[in-house]
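A look at the structure
Single-letter residue listing:
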Amino acid sequence: MSQSLDLFPIGNCAASALVDRCGRFVWACAPRVDGDPVFSALLGGKDPREDSAHGLWAIDVEGMTQVTQAYLRNTPILRTEIRTADGGAVEIIDFCPRYRHFGRQYRPLAFVRLVRPLAGAPRIRVRLRPMTNYGERPCDQTAGSNHIRYVGSQITLRLTTDCPVGHVQEERIFRLEKPLGFFLGPDEGLNADVDTVAGGMLRETTDYWRGWVRTLSVPLDWQEAVIRAAITLKLCQYEETGAIVAALTTSIPEHPDEAGAGRNWDYRYCWLRDAYYVVQALNRLGAADMLENYLVYLRNLVDQASRGDLPSAVECPPEPVPDLPGLHTVAVERDKAGHVQPVYGVGLEPALTEWVATHLPGYRGIGPVRVGNQAHEHLQHDVYGQIVLSTVQAFFDERLLRPATVEDFKALEPIGERAFELHDKPDASLWEFRGREAVHTYSSVMCWAACDRLGNAAEKLGLADRARYWNGKAAVIRKTIETHAWNEKEGRFAATFGGDELDASLLQLIDVRFVRPDDPRMQATMKAVEKGLRRGPFMLRYAIPDDFGMPQTAFNFCTFWLIEALQLSGRTSEARELFEEMLDRRTAAGLLSEDISFEGDELWGNYPQTYSLVGLINCATLLSKPWASVR
């Protein structure tokens, strides 16, 4: 059985895991989402059914013939039912605990599995094989009468269970005659029997998630798809700091790669661009808690960047690692006041040194497996706009526990100054080119948005002089863009100043209100982008070679951008048809990765991808019939 991205995420905003279509944990990191993968079979290059496979947690059912899986309604709690040829049946409930406890949010680094017989006399085997040091070796073990400790390089996990410990250690096949509970979490004992504790956690966690979903303002149409996307976006927030990661995985390749192009990236970090789009989408659903948590992260980042007191770098591997193909460092001005990187660690770490985990062969054996991301060294000027765009709602939203203040506005002004300074300077673009620079239209438009929205915030705060100042800066940037990004010969906007390239990000000029959708310049640009970058129902980011050759898959977020543009320009039936096409391409969990083959038959890239889920929510909200139509 070939490895697949048809996976179900579970999590609690501290811990997360990916469960495959046979109910096996094949990916989970500890002690954080960007930590050592204790379950790494997804990148192990092996079929997890094989006895030799490691980095997994499997509940194997002897004689398995049928598997059905689904989340419990409006939760990230997964139910797997496995049936056998002789009429046996087993139920597995998987979740990470999350609920209010002692006035605090209880979200431990823990995974709970509840296994019970449903019919017949099923026989099972438990294979619990966590790894350490990125697949280098199995965790060391010690055991007691009701627990097993798995000792890794970064963390020790303890399994507490009412299953005979020897059955787990020896991986014996045994008859499942009663319900069994498994709690894999911190290296400390439980204060009651595992069945009682786990059952209570299941009830409390179910209540938490269903209560959270009740706070969402979902569109009338496609409610289940939107709710699943929203829950999964919440799982991508590391709640301790408020950071939002781009995906839960590293190094899922962008396409099948026999030539070793190396389009494998680590997405377990907080890109300010991606996080902006996440909070924007969830704001449309009324999920103010995600915005508030992220703003805490953002305010700390802005303060620390301006003072130069960011935390130390993420620890690098102890030994030298191979050179990375295609790696090219774009010069940065780290000592420049107000400099902000495009990406940080979930603990605000600025240095995400990129290295190769040589012990993991990769997804389907396609390496390299990268840890860290060299994009932290890039200049990507759009981030200044995304900081302000993420924050500006807090000056207007009366729901928030902590509305933005004049002090917050003053803290943002250096970000605006940096945006104005860099709006016509080269950068690596939002697509993070590693081998070339240009003045990218999208980056410049985001710098304009930073100044424009600071003007809005100043007006709300009654700071008339600052409003005039920032509106003036925005006007200067607008004139620059309209002069240099407009290609007179082609009669449209171009992706770079003075260039003629096409880029799907040009569609975002509508979303940030730089131009209206009925503006003839935008109509011409949209027509050119669709003609040049659309492949069947799907969209490319760009159609020119980059540092790794020509793109070989479409980018799902860009397809959703096209859908939005179609709807806003009056092509509603086309937009709805294309949206339904994208919904059909989701996994059984209702989710999407970053990329898709041109034929639409397979997903590629890291998973679950926040960009793609944002696009789903935005398009559903835009295309849905109003609630008034059924009330």
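Presented here is a report on the structure given in the accompanying data block. A quick note: this is a predicted structure, and the numbers were derived from the prediction, not measured. (Residues numbered from 1 in each chain as written. Predicted model: local features only at pLDDT ≥ 70, side-chain atom pairs only at ≥ 80, totals over all residues. Heavy atoms only, no water.)

Okay, the pairing of strand S19 (residues 180-186) next. Where a strand is regular, its side chains alternate between the two sheet faces. Burial analysis of S19 places six of its seven residues in the buried class, the great majority of the element. Bridging between strand S11 (residues 111-119) and S19 involves five bridges; their strand directions are antiparallel. Bridge pairing in S19 links Val 115 to Leu 180. Bridge count for strand S17 (residues 156-161) against S19 is five bridges, and the pairing is antiparallel. Considered in S19, the bridge of Thr 160 is made with Phe 183. (Buried < 20%, exposed > 50% of the residue type's maximum accessible area, 1.4 Å probe, protein only. Helix = DSSP H or I, 4+ residues; strand = E, 2+ residues; numbered from the N terminus. Pairing = 2+ DSSP bridges.)

Attention shifts here to the packing of helix H13 (residues 572-584) against helix H14 (residues 610-623). Packing of H13 against H14 brings their axes to within 11 Å, and their N-to-C directions diverge by 145°. As H13 packs across H14, the resulting crossing turns out to be left-handed. Contacts between H13 and H14 involve Ala 575, Arg 576, Phe 579 and Leu 583 on the former and, on the latter, Leu 616, Cys 619, Ala 620 and Leu 623. A breakdown of the residues in the contact of H13 with H14 according to their chemical character gives seven nonpolar, no polar and one charged. (Axes fitted to C-alpha atoms, helices over the stretch in contact; angles between N-to-C directions. Left-handed = near helix turned anticlockwise from the far one by under 90°. Contact = heavy atoms within 4.5 Å. Nonpolar A, V, L, I, M, F, W, Y, C, P; charged D, E, K, R; others polar.)

Moving on, we come to the pattern of salt bridges. In the structure shown here, the tally under the stated rule is 43 salt bridges. Note that Arg 32 is salt-bridged to Glu 349, the shortest N-O span being 3.1 Å. On the criterion of sequence distance, the pair formed by Arg 32 in the loop between strand S3 (25-30) and strand S4 (36-39) and Glu 349 in the loop between strand S23 (343-344) and strand S24 (355-356) is long-range, its members being 317 residues apart. Taking the shortest distance from any N to any O, the salt bridge between Arg 113 and Asp 94 comes out at 2.6 Å. On the criterion of sequence distance, the pair formed by Arg 113 in strand S11 and Asp 94 in strand S8 (residues 89-95) is long-range, its members being 19 residues apart. The exposure class of Arg 113 is buried, given its relative accessible area of 0%. (Salt bridge = Lys/Arg side-chain N within 4 Å of Asp/Glu carboxyl O.)

Bringing the side chain of His 423 into the picture now. On the secondary structure map, His 423 appears in the loop between helix H7 (406-422) and helix H8 (441-461). A polar side-chain atom of His 423 sits 2.6 Å from the main-chain carbonyl oxygen of Phe 420. Ignoring anything within four residues of it in the chain, the contact list for His 423 reads Val 439, Ser 444, Cys 447, Ile 477, Thr 480 and Phe 497. (Polar contact = N/O pair within 3.5 Å; in protein donor to acceptor, adjacent residues only side chain to side chain.)

The next subject is the sheet that holds strand S32 (residues 603-604). Taken in spatial order, the three strands make up an open sheet running S30-S31-S32, and their pairing is antiparallel. Strands with a single pairing partner mark the edges of an open sheet, and in this sheet they are strand S30 (554-555) and S32. One ladder, built from two bridges, connects S30 with strand S31 (residues 595-596); its direction is antiparallel. Across the sheet, the residue bridging to Ala 554 is Ile 596, located in S31.

To continue, consider the packing of aromatic side chains. Scanning the model with the defined rule gives 29 aromatic pairs in all. Ring geometry for Tyr 99 versus Tyr 106: centroids 5.2 Å apart, planes at 50°, classification tilted. Through pairs of rings, three or more aromatic residues link up here, namely Tyr 276, Tyr 277, Trp 431, Phe 555, Phe 557, Trp 561 and Tyr 611. The ring of Trp 209 has Arg 98 sitting right over it, with the charged end atom 6.0 Å from the ring centre. (Phe/Tyr/Trp six-rings, centres within 6.5 Å; stacked < 30°, edge-to-face > 60°. Lys NZ or Arg CZ within 6 Å of the ring centre and 35° of its normal.)

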